[in-house]
Amino acid sequence: MYHPFKHFRTITKHKNLVLVGCFKIGLYKQGLLHDLSKYSLTEFLPGAKYYQGYMSPNNAERMDKGVSMAWLHHKGRNKHHLEYWIDYQGPEDKNDTQKRGMGGMKMPIKYVCEMFIDRVSASKNYQKQAYTDESALIYYYHSKPGYIIHPDTAALLEYLLTMLAVKGEKETYAFVKHEVLKGHVVYEQAWLEQKTKELGYVMPESAE
């Protein structure tokens with residue numbers, strides 16, 4: 001059964017949450033343009049058909065058909081998704097003839113920040129009253145083993161999600177706006193992992 005109105009309400013609520021979050025950190029254009037492809041027929045019709053309300057309809061489409069065509073369309077048009085940045089890993093130099101497989105490319109910082117806002121907003125949208133500042137981090141850790149993501153990008157995302165869990169939304173969003181997006185944070189795995197460790201976050205046993 002199709003649920004076009006429920007699906008429209010869900011994706012629009014999510015888009016509005018991302019809009020507010022992006023505006024708080026100064027990403028005005030990205031906030032306005034975020035996820036517009038979800039309103040295309042290629043993505044909207046499967047979304048309405050596989051609407052669940054408690055999880056992405058892409059998962060339901062994937063379970064039914066073995067692949068989500070809506071997701072394949074979406075990830076190729078939205079740069080805030082880590083999957084957009086998967087490519088063949090290039091040679092070390094012009095004399096390097098070793099064949100390499102697929103890998104995650106290092107995402108521009110502004111898209112990592114949009115990805116952070118997107119994940120927080122998705123957790124709010126689906127978890128509703130059960131949402132806490134730890135929700136997006138816990139979801140990330142549960143999904144992380146299946147990700148193909150550049151280590152520097154993963155470290156930055158984990159740093160921001162951990163800071164949110166420890167310090168809350170107001171302080172973290174201010175940090176993203178005034179420090180991360182201003183280039184005051186070292187975008188390298190080792191530095192970011194040390195900063196994340198210094199936050200002292202311990203995953204609750206119930207979430208492991």
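Source: prediction; values computed, not measured.

1. Looking at the layout of surface pockets
- Here the largest pocket defines a volume of roughly 1,000 Å³.
- Around the largest pocket sit 36 residues that line it, and Ser56, His81, Ala122, Tyr126 and Tyr139 are the ones nearest its centre.
- Breaking the lining of the largest pocket down by element, the ones donating at least two residues are helix 1 (4-25), helix 3 (41-49), helix 4 (57-65), helix 5 (69-75), helix 6 (109-127) and helix 7 (135-143).
- Considering each element in turn, the lining of the largest pocket owes the most residues, eight residues, to helix 6.
- By residue class, the composition of the lining of the largest pocket is 13 nonpolar, 15 polar and eight charged.
- Of the volumes computed, that of the second largest pocket is approximately 290 Å³.

2. Some details on the side chain of His14
- In this fold, His14 is placed in helix 1.
- Setting aside its immediate chain neighbours within four residues, His14 contacts His34, Asp35, Lys38, Asp118, Ser121, Ala122 and Asn125.

3. Re the packing of helix 1 against helix 3
- Where helix 1 meets helix 3, the axes come as close as 8 Å, and the angle between the chain directions of the two elements is 115°. Between helix 1 and helix 3 lies a crossing whose hand is right-handed. Between helix 1 and helix 3, the residues in contact are Pro4, His7, Phe8 and Ile11 and Glu43, Phe44, Gly47 and Ala48, respectively.
- Classifying every residue of the contact of helix 1 with helix 3 by side-chain character gives five nonpolar, two polar and one charged.

4. So, helix 1
- The terminal C-alpha atoms of helix 1 lie 32 Å apart, and with 22 residues this matches the ideal 32 Å at 1.5 Å per residue to within 8%.
- All of the buried residues in helix 1 are His7, Thr10, Ile11, Thr12, His14, Lys15, Val18, Gly21, Cys22 and Ile25.
- The inward-facing, buried residues of helix 1 contact helix 2 (28-33), helix 3, helix 4, helix 6 and helix 9 (169-180).
- Looking one or two residues beyond helix 1, the residue adopting positive phi is Gly26, at roughly 90°.

5. A word on helix 7
- For helix 7, the full list of buried residues reads Ser135, Ala136, Leu137, Ile138, Tyr140 and Ser143.
- The elements touched by buried residues of helix 7 are helix 6 and helix 8 (151-167).

6. Points about the nonpolar core
- One finds Met107 and Phe116 to be the most contacted residues of the largest nonpolar core, which totals 37 residues.
- Elements that contribute at least two residues to this core include exactly helix 1, helix 6, helix 7, helix 8 and helix 9.
- With ten residues, helix 8 is the single largest residue contributor to this core.
- For Met107, the contacting residues outside a window of four places in its chain are Lys79, His80, His81, Leu82, Trp85, Val112, Met115, Thr153 and Tyr187.

The rules behind the values
- Within every chain, residues take consecutive numbers counted from 1 along the sequence as written.
- Totals for whole chains, interfaces and linings use every residue, but because this is a predicted model, local features are given only for residues with pLDDT of at least 70 and side-chain atom pairs only at 80 or more, for both listing and counting.
- As a rule here, side-chain values come from all non-hydrogen atoms in the structure, and water together with hydrogens is ignored.
- Using only the protein atoms, space was sampled on a 1 Å grid; points where a 1.4 Å probe fits but cannot get out form cavities, open sets with protein on both sides within 12 Å along at least five of seven lines form pockets, and lining residues are those with an atom within 4 Å of a point.
- Grid points are joined across faces, edges and corners, and a volume is the space filled by probe spheres set on the points.
- For the purposes of this entry, the term helix denotes a DSSP run of H or I that reaches at least four residues, the term strand denotes a run of E that reaches at least two, and both are numbered from the N terminus.
- Residues were grouped as follows: Ala, Val, Leu, Ile, Met, Phe, Trp, Tyr, Cys and Pro as nonpolar; Asp, Glu, Lys and Arg as charged; and all remaining residues, including Gly, as polar.
- By the convention used here, residues are in contact when the closest approach between their heavy atoms is within 4.5 Å.
- Think of each axis as a best-fit line through the C-alpha atoms, taken over the contacting stretch in the case of a helix, with angles from 0 to 180 degrees between the N-to-C directions.
- In this scheme the handedness of a crossing depends on how the near helix is turned from the far one: anticlockwise by less than a right angle means left-handed, clockwise means right-handed.
- An expected span of 1.5 Å times one less than the residue number is assigned to each helix.
- Only protein chains enter the area calculation, which uses a 1.4 Å probe; residues under 20% of their type maximum are buried, those over 50% are exposed, and those in between are partly exposed.
- Remark: nonpolar core denotes a set of buried residues (Ala, Val, Leu, Ile, Met, Phe, Trp, Tyr, Cys) joined through side-chain atoms within 4.5 Å.

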